[in-house]
Amino acid sequence: MLKGLSTVCLAALCCASLSISESARAQENPNQPPEHTLPWPNIAAGQSPEELAQSMTGAPELNRGVPVREIVEQRRRLDAKLAALQPHRAGEVDAYVISIALDSDPVFAREARETAQVLSSRYGGQGRTLTLAGPDGTQNDLPKGSIESLFVALARIADLMDTDEDVLVLYTTSHGNKLGLAYHYGDTGYGILSPTRLKSVFEELGIERRILIISACHSGVFVPTLASRDTAILTASAAERNSFGCQPENDWTFFGDALINRELRKPQSLSDAARAAALQIAGWETQARLLASLPQSAFGAGVSQWLPMLEARMPQIASAPVGRPAMTAE
């Protein structure tokens, strides 16, 4: 086990687990997500620290003690959502949107749900949008996010899209560490989605045109690996920094609130939205006396050939932010 690996996705991250009061509510509310109570298990393999670290690049995923009926229900939900996705339209640059929460802390489910609506509206993704998110305290009607469900969804979209023309818009929200994104569902699901593994999946499926928006601590680790000619990538933080606002009771993280809930509702370019969101986040972090997260963005040289066609579809009247702000004024 890598030293500290059991904590990087728990207490050592910027966010706390569900409180005791939330645990009590979970017994009363079937839509309340499961809390994290058990230590993170050993999902790395190898003898030396180098071998252990290398094993994590393969995106290991462990599920244990999941009720059989829950397995069947989750498969049914995912199959139904994938079957409803519409195919590519000849002569159109279609956007296929995935918004996924990889942790059961409900802030991520809330953020993923609303993000799917914002991105679908902005890029004309109606009928081609998939949300993978567990219960958020009031709803539990979607297939939950996991590393496996993400890969299955990407494979289905690759079959439906014209990979020479269409664009994948992927939003992920979770805790994170220097190895990648944490998959953590209650006490039954664990995993790490590494930049290396995500890149290999894109290459295997032939998905080249990509808008990747990654909300997590240390999410900047994805930039050097996933940057390409036809990739626009935006992350909540630099590789060595935490991001903020992911307390379970929140509706948004700092990054999600600033970029998705505020700036991408406006009729402005993705690059302008990223700059405005970074300034907003910097102000919140200064107000809260937090070490700057330093959101990152990188646009490949080829992005300018297709992104304007998608952005021509954005609503020309800004919609109002929803939910509780990630940061309130003092």
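Worth saying up front: this structure is predicted, and the values here are computed from it rather than measured.

## Regarding the sheet that holds strand S10 (residues 296-299)
In spatial order, the strands read S3-S2-S4-S8-S9-S10; together these 6 strands make up an open sheet with mixed pairing. Of all strands in the sheet, those with a lone pairing partner are strand S3 (129-132) and S10, marking the two edges. Averaged over all neighbouring strand pairs, the angle between strand axes comes to 5 degrees, with direction disregarded. The pairing of strand S2 (residues 95-101) with strand S4 (residues 167-173) spans 7 bridges and is parallel. Residue Ile100 lies in a different strand from S4, and its bridge partner there is Thr172. Against the sheet, helix H5 (residues 106-123) contacts S2, S3, S4 and strand S8 (210-215), and its axis sits at roughly 170 degrees relative to S2. On top of the sheet, helix H6 (residues 147-160) reaches S2, S3 and S4; it is set at about 175 degrees to S2, its chief contact.

## Looking at H5
For H5, with 18 residues, the first-to-last C-alpha span of 26 Å sits near the 26 Å given by 1.5 Å per residue. In terms of residue burial, H5 counts as a mostly covered element, since 16 of its 18 residues are buried. Just beyond H5, the residue with positive phi is Gly124, at close to 65 degrees.

## What about the pattern of salt bridges?
Per the counting criterion, the structure on display carries 15 salt bridges. Asp94 is the partner of Arg89 in a salt bridge, and the nearest nitrogen-oxygen pair spans 2.6 Å. Its relative accessible area of 0% is what places Asp94 among the buried residues. Its salt-bridge partner being Asp251, residue Arg324 comes within 2.8 Å of it at the nearest N-O pair. Note that Arg324 is positioned in the segment after helix H11 (303-311) and Asp251 in the loop between strand S9 (231-235) and helix H9 (254-262), a separation of 73 residues in sequence. Overall, the relative accessible area of 44% leaves Arg324 in the partly exposed class.

## Things to note about the nonpolar core
Ranked by internal contacts, the top residues of the largest apolar core, which has 37 residues, are Ile98, Leu150, Leu154, Leu170, Leu193, Phe202 and Phe222. Apart from residues no more than four positions distant in its own chain, Leu193 is found in contact with Ala59, Leu102, Ile147, Leu150, Phe151, Leu179, Gly180, Leu181, Leu198 and Phe222. With 34 residues, the next largest nonpolar core counts Val93, Ile213, Leu234 and Leu264 among its residues.

Rules used throughout
- Residues numbered from 1 in each chain as written.
- Predicted model: local features only at pLDDT ≥ 70, side-chain atom pairs only at ≥ 80, totals over all residues.
- Heavy atoms only, no water.
- Pairing = 2+ DSSP bridges.
- Helix = DSSP H or I, 4+ residues; strand = E, 2+ residues; numbered from the N terminus.
- Axes fitted to C-alpha atoms, helices over the stretch in contact; angles between N-to-C directions.
- Contact = heavy atoms within 4.5 Å.
- Expected span 1.5 Å × (residues − 1).
- Buried < 20%, exposed > 50% of the residue type's maximum accessible area, 1.4 Å probe, protein only.
- Salt bridge = Lys/Arg side-chain N within 4 Å of Asp/Glu carboxyl O.
- Core = buried A, V, L, I, M, F, W, Y, C linked by side-chain atoms within 4.5 Å.

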